[in-house]
Amino acid sequence: MVRVRENNFYALKPVMDKNPHILDLRVGHMDIFSNFAVPLIFKSRESFERYRIAFEKAGVEIRPIIAGNMLHQPFYKKHVLGVGKCENADYIHRCGFYFGNNPELTASEISLLKKLLAN
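Because the structure is a prediction, the values reported are computed rather than measured.

A.B. asks: Please clarify how the overall build of the protein chain should be interpreted in this entry.
C.D. replies: A count of helical and extended segments in the protein chain gives five helices and three strands. For the protein chain, the sequential pattern of α-helices and β-strands runs α-β-α-β-α-α-β-α. Principal axes of the C-alpha set define a box for the protein chain whose edges measure 45 × 30 × 25 Å. Per-residue burial for the protein chain yields a buried fraction of 33% across its 119 residues. For the protein chain, the share of sequence-separated contacts (at least 6 apart) that also reach a separation of at least 24 residues comes to 72%. Carbon and sulfur atoms form 58% of the exposed surface of the protein chain, whose accessible area is close to 7700 Å². In the protein chain, 17 positive and 12 negative side-chain charges are present, and the distance between their average locations comes to 4 Å.

A.B. asks: Is there a simple way to explain the packing of aromatic side chains in this structure?
C.D. replies: The description of two aromatic rings rests on the distance between their centres and on the angle between their planes. Counting across every chain of the model gives eight aromatic pairs. Taking the centre distance of 6.4 Å and the plane angle of 70° together, the rings of Phe-42 and Phe-48 count as edge-to-face. Just as Phe-42 is buried, Phe-48 falls in that class too. Seen in terms of ring centroids, Phe-42 and Tyr-51 are 5.0 Å apart; in terms of plane orientation they differ by 20°. Their pairing is stacked.

A.B. asks: Teacher, can you tell me more about the confidence of the model for the protein chain here?
C.D. replies: The predicted structure's coordinates, where accompanied by low pLDDT, should not be read in detail. Residue-level pLDDT values for the protein chain average 91, and 97% of them are 70 or greater. Between the elements of the protein chain, mean pLDDT differs from a low of 79, seen in helix H3 (residues 74–79), to a high of 98, seen in helix H2 (residues 45–57).

A.B. asks: I'm lost on the nonpolar core in this one. Help?
C.D. replies: Where a protein is soluble and globular, its nonpolar side chains tend to be buried together. Counting residues in each nonpolar core, the largest one holds 22 residues, and the members touching the most others are Leu-12, Leu-40, Phe-55, Phe-97, Phe-99 and Leu-117. Elements with a contribution of two residues or more to this core: helix H1 (2–18), strand E1 (37–41), H2, strand E3 (96–100) and helix H5 (107–118). Look past the residues within four positions of Leu-40 in its chain and what remains in contact with it is Met-16, Ile-22, Phe-55, Ile-65, Cys-95, Gly-96, Phe-97, Phe-99 and Leu-117.

A.B. asks: Whenever I open this one, the packing of H1 against H5 confuses me. Can you help?
C.D. replies: The description of two packed helices rests on the angle between their axes and on the distance between the axes. Two numbers describe how H1 lies on H5: the axes approach to 9 Å, and their chain directions differ by 20°. Looking at the two axes, H1 sits roughly parallel to H5. The two elements H1 and H5 meet at a crossing, and its hand is right-handed. Within the contact between the two elements, H1 uses Asn-8, Ala-11, Leu-12, Val-15 and Met-16 and H5 uses Ile-110, Leu-113, Lys-114, Leu-117 and Ala-118. Among the residues making up the contact of H1 with H5, the classes are represented as eight nonpolar, one polar and one charged.

A.B. asks: Help me understand the pattern of salt bridges in this model?
C.D. replies: A side chain of one charge can pair with a side chain of the opposite charge if their charged atoms are brought near each other. Following the criterion strictly, the structure yields eight salt bridges and no others. Its salt-bridge partner being Glu-56, residue Arg-52 comes within 2.8 Å of it at the nearest N-O pair. Of this pair, Arg-52 and Glu-56 both sit in helix H2, four residues apart, which is roughly one turn of the helix. Relative accessible area serves as the criterion here: at 44%, Glu-56 is assigned to the partly exposed category. In this structure, a network of salt bridges that share partners links the residues Lys-13, Asp-17, Asp-24 and Arg-26.

Rules and cut-offs
Every chain is numbered independently, its residues counted from 1 as its sequence is written. Thresholds applied to this predicted model are a pLDDT of at least 70 for local features of residues and 80 or more for the giving and counting of side-chain atom pairs; totals over whole chains, interfaces and linings are not thresholded and use all residues. Hydrogen atoms and water are omitted, and side-chain values are computed over all heavy atoms in the structure. Here a helix means four or more residues in a row that DSSP labels H or I, a strand means two or more in a row labelled E, and each is numbered from the N terminus. For the exposure calls, accessible area comes from a 1.4 Å probe over protein chains only, and a residue counts as buried if that area is under 20% of its type's maximum, exposed if over 50%, partly exposed in between. What makes two residues a contact is simply this: any of their non-hydrogen atoms within 4.5 Å. The accessible surface values rely on the Shrake-Rupley method and a 1.4 Å probe; as for residues, cover is taken only from the protein chains in view. In this tally, Asp and Glu contribute negative charge and Lys and Arg positive charge; neither His nor the terminal groups of the chain are included. Every charge is mapped to an atom, namely NZ of Lys, CZ of Arg, CG of Asp or CD of Glu. For Phe, Tyr and Trp, where Trp contributes only its six-membered ring, two rings pair if their centres lie within 6.5 Å, and the inter-plane angle classes them as stacked under 30 degrees, edge-to-face over 60, or tilted in between. Summary of the metric used: pLDDT quantifies the predictor's per-residue confidence within the range 0 to 100. Only buried Ala, Val, Leu, Ile, Met, Phe, Trp, Tyr and Cys residues count toward a nonpolar core, and they belong to the same one when joined by side-chain atoms within 4.5 Å. Geometry is summarised by axes, namely lines fitted to C-alpha atoms with helices restricted to the contacting stretch, and by angles between N-to-C directions that run from 0 to 180 degrees. Under this scheme an angle from 65 to 115 degrees is roughly perpendicular, one under 35 degrees roughly parallel, and one over 145 degrees roughly antiparallel; angles in between are oblique. By convention, the crossing between two helices is left-handed when the near helix turns anticlockwise from the far helix through less than a right angle, and right-handed when the turn is clockwise. The nonpolar class holds Ala, Val, Leu, Ile, Met, Phe, Trp, Tyr, Cys and Pro. Asp, Glu, Lys and Arg form the charged class, and all remaining residues, Gly among them, are polar. The term salt bridge refers to a pairing of a side-chain nitrogen on Lys or Arg with a carboxyl oxygen on Asp or Glu at a separation within 4 Å.

What follows is the structure in structure tokens.
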């Protein structure tokens, strides 16, 4: 499963790297990269919305990266007081999502993801 996830990711990575709307995800320092999900952080809110809509219309399930900025979650506001700003977390909250990297992804699903990432 580790190798399959790694192969899935590296099949998508060149397309992500060429996309001017997506921030670079640097993984070259890792010997093995077997992620459960592929995070995408977009350079603008407009790009985020465009890709969010495209992924959803294509039936690709997406989620906020680590539930977005935890400071915005109701349970956190209820139990933690006086927390300052977290600008990077806010940026990721507004401009990022992830999709699953399942070892069961088919060649046609990988092809769809490439198509979505290339636009």
